[in-house]
Amino acid sequence: MNRKLLLGGVVAAIAVAIILVLVIGPGQKIDSKNFQITFATDWKAEAEHGGFYQALAKGYYKDAGLDVTIKQGGPSVNVPQLLATNTIQFGIGSNSFIPLNIIAAKAGSKAVMASFQKDPQVLITHPRDDIKSIADMKGKPILVADATISSFWQWLKAKYGFTDDQIRKYTFNLAPFLTDTNAIQEGYLSSEPYTIERKGHFKPQVFLLSDYGYPGYAAFILATDEMIADHPDIVQKFVDASIRGWVDYLYGDPTPANDLIKAANPEMTDELLTHGIATLKANGIIDSGDTEKLGLGAMTDARWQKFYDEMSNTGVFPKGLDVHSAYTLEFVNHGVGDDLKAELLKK
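If you're wondering where the values come from, they're calculated on a predicted model, not measured in any experiment.

1. Overview of the environment of Ile 70
Piece 1. Relative to the helices and strands, Ile 70 is located in strand 2 (residues 66–71).
Piece 2. For Ile 70, the contacting residues outside a window of four places in its chain are Phe 39, Thr 41, Phe 52, Tyr 53 and Leu 56.

2. Considerations on the nonpolar core
Piece 1. Phe 90 and Trp 304 are the most contacted members of the largest nonpolar core, which totals 104 residues.
Piece 2. Counting residues per element, this core draws most heavily on helix 10 (residues 232–251), at 10 residues.
Piece 3. Excluding residues within four positions of it along the chain, Trp 304 makes contact with Ser 96, Pro 99, Leu 100, Ala 111, Tyr 217, Phe 220, Met 299, Val 323, Ala 326 and Tyr 327.

3. Brief notes about the sheet that holds strand 3 (residues 90–95)
Piece 1. Taken in spatial order, the five strands line up as 2-1-3-10-4 in an open sheet, and their pairing is mixed. Lying at the two open borders of the sheet, with one neighbouring strand each, are strand 2 and strand 4 (109–116). Averaged over all neighbouring strand pairs, the angle between strand axes comes to 30°, with direction disregarded.
Piece 2. Its contacts with the sheet place helix 10 against strand 1 (35–40), strand 2, strand 3, strand 4 and strand 10 (218–224), and it is angled at close to 15° to strand 4.

4. What about the side chain of Asn 265?
Piece 1. Relative to the helices and strands, Asn 265 resides in the loop between helix 11 (255–264) and helix 12 (270–282).
Piece 2. By relative accessible area, which is 6% here, Asn 265 ends up buried.
Piece 3. Each residue touching Asn 265, except ones within four places of it in the same chain, is listed here: Lys 44, Ala 45 and Gln 72.

5. A closer look at the pairing of strand 3
Piece 1. Among the six residues in strand 3, six count as buried, and that is most of the element.
Piece 2. Pairing analysis gives two bridges linking strand 1 to strand 3, with the strands arranged parallel. Residue Ala 40 lies in a different strand from strand 3, and its bridge partner there is Gly 91.
Piece 3. As paired elements, strand 3 and strand 10 share five bridges and run antiparallel to each other. For Gly 93, the partnering residue across the bridge sits in strand 10 and is Phe 220.

6. What about helix 10?
Piece 1. Over its 20 residues, helix 10 extends 28 Å from the first C-alpha to the last, a length consistent with the 28 Å expected when each residue adds 1.5 Å.
Piece 2. Helix 10 sits mainly inside the fold: 14 of its 20 residues count as buried.

7. As for the packing of aromatic side chains
Piece 1. One pass over the structure, following the stated rule, counts 21 aromatic pairs.
Piece 2. Geometrically, the ring pair formed by Phe 90 and Phe 238 is stacked, given 4.4 Å between the ring centres and 10° between the ring planes. Of this pair, Phe 90 sits in strand 3 while Phe 238 sits in helix 10, placing them 148 residues apart in sequence.
Piece 3. Given the relative accessible area of 0%, Phe 90 is considered buried.
Piece 4. Taking the relative accessible area as the measure of exposure, Phe 238 reaches 0% and is therefore buried.
Piece 5. Consider the rings of Trp 155 and Tyr 214, whose centres lie 5.1 Å apart with planes at 65°: the pair is edge-to-face. Taken together, the residues Trp 155 in helix 6 (residues 152–160) and Tyr 214 in the loop between strand 9 (205–208) and strand 10 connect sequence positions 59 residues apart. A single burial state applies to Trp 155 and to Tyr 214, both of which are buried.
Piece 6. Through pairs of rings, three or more aromatic residues link up here, namely Phe 97, Phe 152, Trp 153, Trp 155, Tyr 160, Phe 162, Tyr 214, Phe 307 and Phe 317.
Piece 7. Here Arg 303 stacks its cationic end above the ring of Tyr 217, 4.0 Å away from the centre of that ring.

8. Some words on the packing of helix 2 (residues 50–57) against helix 10
Piece 1. Close contact between helix 2 and helix 10 brings their axes to 7 Å; oriented N to C, the two are set at 105°. Judged by the inter-axis angle, helix 2 sits roughly perpendicular to helix 10. Here Gly 50, Gly 51, Phe 52, Gln 54 and Ala 55 of helix 2 come into contact with helix 10, specifically with Ala 241, Ser 242, Gly 245, Trp 246, Asp 248 and Tyr 249.
Piece 2. A class-by-class count of the residues in the contact of helix 2 with helix 10 yields five nonpolar, five polar and one charged.

9. Some thoughts on the packing of helix 2 against helix 11
Piece 1. Here helix 2 crosses helix 11 at 105°, and the two axes come no closer than 8 Å. Between helix 2 and helix 11, the interaxial angle falls into the category roughly perpendicular. Of helix 11, the residues touching helix 2 (which contributes Gly 50, Tyr 53, Gln 54, Leu 56 and Ala 57) are Pro 256, Ala 257, Leu 260, Ile 261 and Ala 264.
Piece 2. A breakdown of the residues in the contact of helix 2 with helix 11 according to their chemical character gives eight nonpolar, two polar and no charged.

10. Overview of unusual backbone geometry
Piece 1. Despite not being glycine, Ala 219 shows a phi value in the positive range, around 55°.
Piece 2. Within the secondary structure layout, Ala 219 lies in strand 10.
Piece 3. Overall, Ala 219 belongs to the buried group, its relative accessible area being 7%.

The rules behind the values
- Residues numbered from 1 in each chain as written.
- Predicted model: local features only at pLDDT ≥ 70, side-chain atom pairs only at ≥ 80, totals over all residues.
- Heavy atoms only, no water.
- Helix = DSSP H or I, 4+ residues; strand = E, 2+ residues; numbered from the N terminus.
- Contact = heavy atoms within 4.5 Å.
- Core = buried A, V, L, I, M, F, W, Y, C linked by side-chain atoms within 4.5 Å.
- Buried < 20%, exposed > 50% of the residue type's maximum accessible area, 1.4 Å probe, protein only.
- Pairing = 2+ DSSP bridges.
- Axes fitted to C-alpha atoms, helices over the stretch in contact; angles between N-to-C directions.
- Expected span 1.5 Å × (residues − 1).
- Phe/Tyr/Trp six-rings, centres within 6.5 Å; stacked < 30°, edge-to-face > 60°.
- Lys NZ or Arg CZ within 6 Å of the ring centre and 35° of its normal.
- Parallel < 35°, antiparallel > 145°, perpendicular 65-115°, else oblique.
- Nonpolar A, V, L, I, M, F, W, Y, C, P; charged D, E, K, R; others polar.

What follows is the structure in structure tokens.
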């Protein structure tokens, strides 16, 4: 799964896209009743998109007057570019680098909700006595993808003293890791560890970066500046319905969403979906921290500022970038879905 690495070239792609003629111009009047929305995900349908599929399956979007189509992502789907050309109305931004890259490219979109309170990036090792924390990996070879070098690798260098001579190229082929008991590699919490356990017949050590202070959100809902300015009611309805979908998916019966996910992605299985949901819940990926007071989808200025400060200090982003232009808190932090969560937890 390489959707988390759709960073390389994204600034260039959306910079080109913004010079194209927009399909819906600013200020254009549209009917907000049964408004048609295309929402693009960042990868093929999976549990990590379950809340959106649940909102579709259970009628939360329809009840809000929205006619939503979910466009499945993949290696050839560039969500920021689709937004920049108004090909879609909303899309998923995989991690906190995406909204800031959009601002750097002046591409006219921002984050309106953070589905994941923790970025699911992990480092993985075989069972071994000499590594019990990320700090213990200093100086040891680590398999990482090219795009990672300009993203969270810089955070690892700044916080743990990692150096570039530790880098070994990760090509999304697990064979080098499985055959080398000293190997360390990057991964996605709900993906590589599960596959390694199934194929390697051992339980790997998994280190979730967010548990060690990595400050990024993940799985944003992105919307264009024009949509936010001209149709805030549509944005609010989409965000609220999506939040209720996530609450229902996590704490209710996920079967309706899972049926849609399997129909969209035939490679997906019930076993994978069950594992994905359990992983999201056990690690507080969606419901933890600020969501306890603010509700699912929460974002705060402090978290955004912390991420930008740490990344700009490593040189990933320039000093002086207006981090607050990458997101808006207008549509979140209202406790939406808390009533549904309380109802479902009573059952």
